[in-house]
Each structure stands twice: as C-alpha cells, then as structure tokens.
Amino acid sequence: PLTFILTGIPGLPMGSYWMALPLCCLYLLMLLGNCTLLWMIKTDHSLHTPMYYFLSMLAVADLGLSLSTLPTMLAIFWFESTSLCFEACIVQMYFIHSFSAIESGVLVAMAFDRFVAICYPLRYASVLTNSLITKAGGAIFMRGICVVVPVAILIKKMPFCRSHVLSYSFCLHQDMLRLVCGDVSVNSLYGLTAVILTKGLDSLTILLSYMMIIRAILNTVSQEARAKAFSTCISHLCAVLIFYIPLIGLSIIHRFGKHLTPLTHVLLADAYLLVPPVLNPLVYSWKTKQIRRRILILLCQR
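This one's a predicted model, so the numbers in the text were calculated from it and none came from an experiment.

Rules of the game
- Residues numbered from 1 in each chain as written.
- Predicted model: local features only at pLDDT ≥ 70, side-chain atom pairs only at ≥ 80, totals over all residues.
- Heavy atoms only, no water.
- Helix = DSSP H or I, 4+ residues; strand = E, 2+ residues; numbered from the N terminus.
- Rg over C-alpha atoms; globule rule 2.2 N^0.38 Å.
- Buried < 20%, exposed > 50% of the residue type's maximum accessible area, 1.4 Å probe, protein only.
- Contact = heavy atoms within 4.5 Å.
- Areas by Shrake-Rupley, 256 points an atom, 1.4 Å probe, with all protein chains shown as cover.
- Lys, Arg positive; Asp, Glu negative; His and termini not counted.
- Charge placed at Lys NZ, Arg CZ, Asp CG, Glu CD.
- Expected span 1.5 Å × (residues − 1).
- Bend = angle between axes of the 7 residues up to and from the residue.
- UniProt positions renumbered as here; feature names shortened; annotations may be inferred.
- Disulfide = S-S within 2.5 Å.
- Phe/Tyr/Trp six-rings, centres within 6.5 Å; stacked < 30°, edge-to-face > 60°.
- Lys NZ or Arg CZ within 6 Å of the ring centre and 35° of its normal.
- Core = buried A, V, L, I, M, F, W, Y, C linked by side-chain atoms within 4.5 Å.
- Patch = residues over 30% accessible without salt bridge, like charges linked within 9 Å, V, L, I, M, F, W, Y side chains within 5 Å.
- Salt bridge = Lys/Arg side-chain N within 4 Å of Asp/Glu carboxyl O.
- Polar contact = N/O pair within 3.5 Å; in protein donor to acceptor, adjacent residues only side chain to side chain.
- Axes fitted to C-alpha atoms, helices over the stretch in contact; angles between N-to-C directions.
- Parallel < 35°, antiparallel > 145°, perpendicular 65-115°, else oblique.
- Left-handed = near helix turned anticlockwise from the far one by under 90°.
- Nonpolar A, V, L, I, M, F, W, Y, C, P; charged D, E, K, R; others polar.

### Here we look at the overall build of the chain
- Secondary structure summary: the chain contains twelve helices and two strands in total.
- The globule rule puts the C-alpha radius of gyration for 302 residues at 19 Å, and the 21 Å found for the chain is close to it.
- Along the longest, intermediate and shortest principal axes, the C-alpha atoms of the chain span 65 × 45 × 35 Å.
- Looking at the chain as a whole, 46% of its 302 residues are labelled buried.
- At a minimum sequence separation of 6, the contacts of the chain that also span at least 24 residues come to 78%.
- Here the chain displays about 15,300 Å² of accessible surface, and carbon together with sulfur accounts for 73% of that area.
- Here the chain contributes 21 positively and 11 negatively charged side chains, and the mean placements of these two sets differ by 9 Å.

What follows is the structure, encoded as structure tokens:
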C-alpha cells in the first residue's frame, strides 16, 4: 500500500521532547480556550446573541482545524512515527482544508454581523434573526464540506511514482500534488478555483464590509461613539489578521519562495494551522467585556 513519509521540523530530531512539550501545551491551550468559550456561550443566556453564536461557530472550526493535525504532529515528536498511509493522508488533507474553508466563512459572517450592528443598529435584531443565523451557519459548513470533496476525489486517482516524502507534519493538497508523476493540470485548476471561490471571495467580502463600516464610523459626529463602534470590531479584526496573514504568506512562498529554506515553509504552515485556534479564544476573552466578566466570575467562585 502507498505510504507517505511526514517531515518534522528541519534541524530537529523526530523524537524531540523539546518540541513535543510546547506542541502539547499549544494543543491543551487550544482545547481549553475553545471548549471554555463554547461552554460559556451555551450556559450564559446573556451571550445568546448573534455575535456569540458566530463566535461559537468559530470555536468549532478552530477545534476541527487543530484536531485534524493533532494525531500526526504528536506521532512524529512523541513516538517518532513518520509514516502515514495514502487513505489516512487524504482524510487528513480533506478535514484540514474543509475546516479552513469553514473558518473563513465564519469570519465573513462575523464581518456581516459587525456591519449590521454599526451601520444599521436599529435593524440589528430584525435582520440577524435566529433563523437567518441557523441558515448561514448551515450554508457555511456545507460549503466547507462540499468544496473540498472534488479535491480529495481527484488526487485519489493520481499516480504517485516519485519520492513519497512530504514537506510537513501533516498532509496538504499542494504538498501531495508535488509528488504526483502524472498530469496535475485539472487538480491545480480546481484547487485554485476552490481557493478563489472560498478564501478569495471571503477576503474581498470582509474588506468591503470594513470599508463600509469605516465610512459609517467616520460619519459619526461623537468621538466617543466612534471609539465605541471601533472597539467592537477589534476582536474580529485580530481574528481576520491572525487567519489570513499566515495563509497569504504560505500561498506566496508556495509559488515564489522556492529559494527559501524548508524551515521557513514548515514554520509558516504550522503557524497557519496552529496559531489561529490558540489565539482566537485569548483575543475574544481579552477584548470582549461579557466574556471577560464571565471568566472573572468563574475564577472568583473557585
């Protein structure tokens, strides 16, 4: 059976506990932060608002994205196990790209939430109803699930006759495509189309939303109202930057960074998949008054 060889971090031995321990701490922090957010939103009725419903969707996407990479990352650094069968690699690739597309869609929904809250505050409750949020969440998850299915089907039919050594500690579509010895034009074209229709359109939609938000804020007469309106967007802006900066950087070096060291590629790919799920709960806990107050209450009760 076809087996791929995963790569750890260049320059570090596979069984490096110096790398395994920080990775475990990152995964534990990710699990604790996102599960705590989900639990607080579920149990606190004051958080049953559209913004927090979208935040719970973001936490689910972050959990899925991190747990997709967890088995192989820990297998490499704890157990020095680098081999992964072809089918398992395709499954991991599918979930990584699906949850990435889902997270991008959730960020768009959160941008729309901020747009309605700032530009049309009096119509906020009538526009963002529970029915609309449910439909939007279902559409976001279905898009993420369906758009990656052809990617997995196409690459499953490809012949692999070159080296089976992958560049990362997990399976990515671009990395697997590099090892194919047949014609990959269809795979590359669909992969590019999928990225444009998901993350490309999402980023443009977010940019358009914030252009309209900034215009609405600048038209506000009161300086205090401007500051208050802008402060409600800081957490979402941080989440957008945390997600899209590593993604854009990884896409650029895949196409134009062939001369860069393998360590640069690996660290940027790890940052793209590990940093957003860890930082998003911290950012929202720090910048969102209701969540911060809820955490302080829990700590005082302890």
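### What about helix α8 (residues 185-218)?
- Here α8 is 34 residues long and its end C-alpha atoms lie 47 Å apart, about the 50 Å a rise of 1.5 Å per residue gives.
- Of all bends in α8, the biggest is about 35°, found at Ile-196.
- Every buried residue of α8 is accounted for by Asn-187, Gly-191, Ala-194, Thr-198, Lys-199, Asp-202, Ile-206, Ser-209, Tyr-210, Ile-213 and Ile-217.

### Quick look at the UniProt feature "transmembrane region" (unreviewed entry) in the chain
- UniProt's entry tags residues 20-41, 53-79, 91-112, 132-155, 233-253 and 265-284 with the feature "transmembrane region" (unreviewed entry), counted in the numbering of this structure.
- Measuring from the first to the last C-alpha atom of residues 132-155 gives 36 Å, for a span that is 96% helix and 0% strand.
- Secondary structure across residues 233-253 comprises 95% helix and 0% strand; the distance between its end C-alpha atoms is 30 Å.

### A few points about the state of the cysteines
- By the definition in use, this model includes one disulfide.
- Shown here is the disulfide that connects Cys-89 with Cys-171, its sulfur atoms set 1.9 Å apart. Between Cys-89 and Cys-171, the S-S dihedral sits near -115°, and the bridge is therefore left-handed. In this pair, Cys-89 is assigned in helix α3 (residues 86-119) and Cys-171 in the loop between α6 (149-156) and α7 (173-177), connecting sequence segments 82 residues apart.
- Cys-24 carries a free sulfur, and the closest cysteine sulfur to it, the one in Cys-25, is 7.0 Å from it.

### Some points on the packing of aromatic side chains
- Counted by the stated rule, this structure contains ten aromatic pairs.
- Between the aromatic rings of Phe-115 and Tyr-120, the centroid separation amounts to 5.8 Å while the plane-to-plane angle is 75°, which identifies the pairing as edge-to-face.
- Within the aromatic cluster, the residues linked to one another by ring pairs are Phe-4, Phe-86 and Phe-160.
- Note that Arg-123 overlies the ring of Tyr-120, its terminal NZ or CZ placed 5.7 Å from the centroid.

### Overview of α3
- Given a rise of 1.5 Å per residue, 34 residues ought to cover 50 Å, and the 49 Å separating the end C-alpha atoms of α3 matches this to within 8%.
- Of all 34 residues in α3, 27 are buried; the element is thus mostly enclosed.

### Quick word on the nonpolar core
- Counting 86 residues, the largest nonpolar core has Leu-55, Leu-107 and Met-176 as its most contacted members.
- The dominant element in this core, judged by the number of residues it contributes, is α3, at 18 residues.

### Structural notes on a nonpolar patch on the surface
- On the surface, a cluster of nonpolar side chains totalling about 680 Å² of accessible area is made up of Leu-197, Leu-201, Leu-204, Leu-207, Leu-208, Met-211 and Met-212.
- Turning to its location among the elements, Leu-207 is positioned in helix α8.

### Here we look at the environment of Asp-113
- Residue placement: Asp-113 occurs in helix α3.
- A relative accessible area of 1% places Asp-113 in the buried class.
- Residues Asp-113 and Asn-280, 167 residues apart in the sequence, show an inter-C-alpha distance of 17 Å.
- In this structure Asp-113 touches Pro-50, Met-51, Phe-54, Tyr-124 and Leu-128, once residues within four positions along its chain are discounted.

### Some points on the pattern of salt bridges
- Scanning the model with the defined rule gives three salt bridges in all.
- Taking the shortest distance from any N to any O, the salt bridge between Arg-143 and Asp-202 comes out at 2.7 Å. Within this pair, whereas Arg-143 is found in helix α5 (residues 130-147), its partner Asp-202 is found in helix α8, the two being separated by 59 residues in sequence.
- Looking at Arg-143, the relative accessible area reads 26%, which means it is partly exposed.

### Points about the side chain of Ser-209
- In this structure, Ser-209 sits in helix α8.
- Here Thr-205 takes part through its backbone oxygen, which lies 2.9 Å from a polar atom of the side chain of Ser-209.
- If near-sequence neighbours (up to four positions away) are discounted, Ser-209 is found in contact with Ala-111 and Phe-115.

### What about the packing of α3 against α6?
- The geometry of α3 relative to α6 is characterised by a closest axis approach of 10 Å and an angle of 155° between their N-to-C directions. Classed by the angle they form, the pair α3 and α6 counts as roughly antiparallel. Between α3 and α6 the crossing geometry is right-handed. Where α3 approaches α6, its residues Phe-86, Glu-87, Ile-90, Met-93 and Tyr-94 are matched on the opposing element by Val-149, Val-151, Ala-152, Ile-155 and Lys-156.
- Along the lines of polarity and charge, the residues of the contact of α3 with α6 split into eight nonpolar, no polar and two charged.

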